[in-house]
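Summary of the model geometry
Chain by chain, the residues run as shown.
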Amino acid sequence: MANKLVIIVGSVRDGRFGPTVASWVAEQAREHGGFEVEVVDLADVEIPLSLPEASPKYAGDSYPRPARMATLTAALESAAAFIVVTPEYNHSYPASLKAAIDWHFSQWTAKPVAFVSYGGAAGGRHAVLHLENVLTELHAVTIRDGLTFPNYFTAWEAGLPLDPQAPAYAKTMLDQLAWWAGALRTAREAEPYPA
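Residues numbered from 1 in each chain as written. Predicted model: local features only at pLDDT ≥ 70, side-chain atom pairs only at ≥ 80, totals over all residues. Heavy atoms only, no water.

1. Here's the deal with the pattern of salt bridges
Scanning the model with the defined rule gives six salt bridges in all. For the salt bridge of Asp102 with Lys98, the shortest nitrogen-to-oxygen distance reads 2.7 Å. Of this pair, Asp102 and Lys98 are both found in helix α4 (residues 95–102), four residues apart, which corresponds to roughly one turn of the helix. When its relative accessible area of 26% is taken as the criterion, Asp102 is described as partly exposed. Across the pair Lys171 and Asp175 runs a salt bridge whose closest N-O atoms are separated by 2.7 Å. Highlighted residues: Lys171 and Asp175, both in helix α7 (residues 166–190), separated by four residues, approximately one helical turn. Take Lys171: its relative accessible area is 47%, and that puts it in the partly exposed class. (Salt bridge = Lys/Arg side-chain N within 4 Å of Asp/Glu carboxyl O. Helix = DSSP H or I, 4+ residues; strand = E, 2+ residues; numbered from the N terminus. Buried < 20%, exposed > 50% of the residue type's maximum accessible area, 1.4 Å probe, protein only.)

2. Thoughts on unusual backbone geometry
Phi is positive for His91, close to 65°, though the residue is something other than glycine. The exposure class assigned to His91 is partly exposed, which follows from its relative accessible area of 49%. The phi torsion at Ala110 lies on the positive side, around 60°, for a residue other than glycine. Residue Ala110 is classed as buried on the basis of its relative accessible area, which comes to 5%.

3. Observations regarding α4
Inspection of α4 places Ser96, Leu97, Ala99, Ala100 and Ile101 among the buried residues, and these make up the whole buried set. Buried residues along α4 sit against β1 (3–9), α3 (70–78), β3 (81–87) and α5 (125–137). (Contact = heavy atoms within 4.5 Å.)

4. Focus: the side chain of Thr86
On the secondary structure map, Thr86 appears in strand β3. A relative accessible area of 0% means that Thr86 is categorised as buried. If we ignore the near neighbours within four places in the chain, the residues touching Thr86 are Tyr93, Pro94, Leu97, Val116, Ser117, Tyr118, Ala127, Val128 and Leu131.

5. A look at the environment of His139
Within the fold, His139 resides in the loop between α5 and β5 (141–142). Exposure remark for His139: the relative accessible area of 24% places this residue in the partly exposed category. Sequence-distant contacts of His139, defined by excluding residues within four places in its chain, comprise Phe105, Trp108, Thr109, Ala110, Lys111 and Tyr193.

6. Section: the nonpolar core
Nonpolar side chains tend toward joint burial in soluble globular proteins. The biggest cluster of nonpolar side chains holds 32 residues, and the ones touching the most others in it are Ile8, Ile47, Leu72 and Trp108. Sorting the residues of this core by element identifies β1, α3, β3, α4, β4 (112–118) and α5 as the ones contributing at least two each. A total of five residues in this core trace back to one element, the largest contributor, which is α5. Non-local contacts of Leu72, meaning those with residues more than four positions away in its chain, are made with Val40, Leu42, Val45, Ile47, Ala100 and His104. (Core = buried A, V, L, I, M, F, W, Y, C linked by side-chain atoms within 4.5 Å.)

7. Focus on helix α1 (residues 18–32)
An ideal rise of 1.5 Å per residue puts 21 Å on 15 residues; α1 measures up with 21 Å between its terminal C-alpha atoms. For α1, the complete set of buried residues consists of Gly18, Val21, Ala22, Trp24, Val25, Ala26, Gln28 and Ala29. Where α1 ends, the next residue or the one after it, Gly33, has phi of about 90°, a positive value. (Expected span 1.5 Å × (residues − 1).)

8. Quick word on the pairing of β3
By the criterion of burial, β3 is predominantly enclosed, with seven of the seven residues buried. Pairing between β1 and β3: five bridges, direction parallel. Paired with Leu5 across the bridge in β3 is Ala81. In this sheet, β4 lies alongside β3 in parallel orientation, the contact comprising six bridges. Each bridged residue has a counterpart across the sheet, and for Thr86 the counterpart in β4 is Ser117. With α4 bridging β3 and its parallel neighbour β4, the resulting β-α-β unit is right-handed. (Pairing = 2+ DSSP bridges. Right-handed = clockwise from strand over helix to strand, strands pointing away.)

What follows is the structure, given as structure tokens:
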């Protein structure tokens, strides 16, 4: 049984490059064969910055999310694994991505998350370092081997990365993600995670 992989396009900025990266990553994941792949673009979701008083950790299913967020919540809930595609804005990740994360809690718990970042000289690594801290707090398991695309504006052509090693790096990331997805799903089914 293939694990459900949700690939999240984290930027909602006009002219963003994220959908190009996410499309390529999704193709790598489909070719990998270990996943049922769904791409979720945060630009298509209503994600308010104002949060309810209660925490989603304690409110559970009664957490009052906007109706138009239901598809995002359902995708996160059904996922066995995630890949977050993020740019780097001012040495961190986009507010849209933080809001999407903060509106949820149990949907991330005891699930693996890999990162694909892009940016200038650092390739989005600052954003990933911040995301690792945030998602660890939500009891997600972050994957060591991700993909980083420095100077993406010269490193891609016709929707493809120019680095000939990129598919091999993607396979390593996906192999690790598939292993963790299977192991954590088995563990969650055997016993509820003590969050």
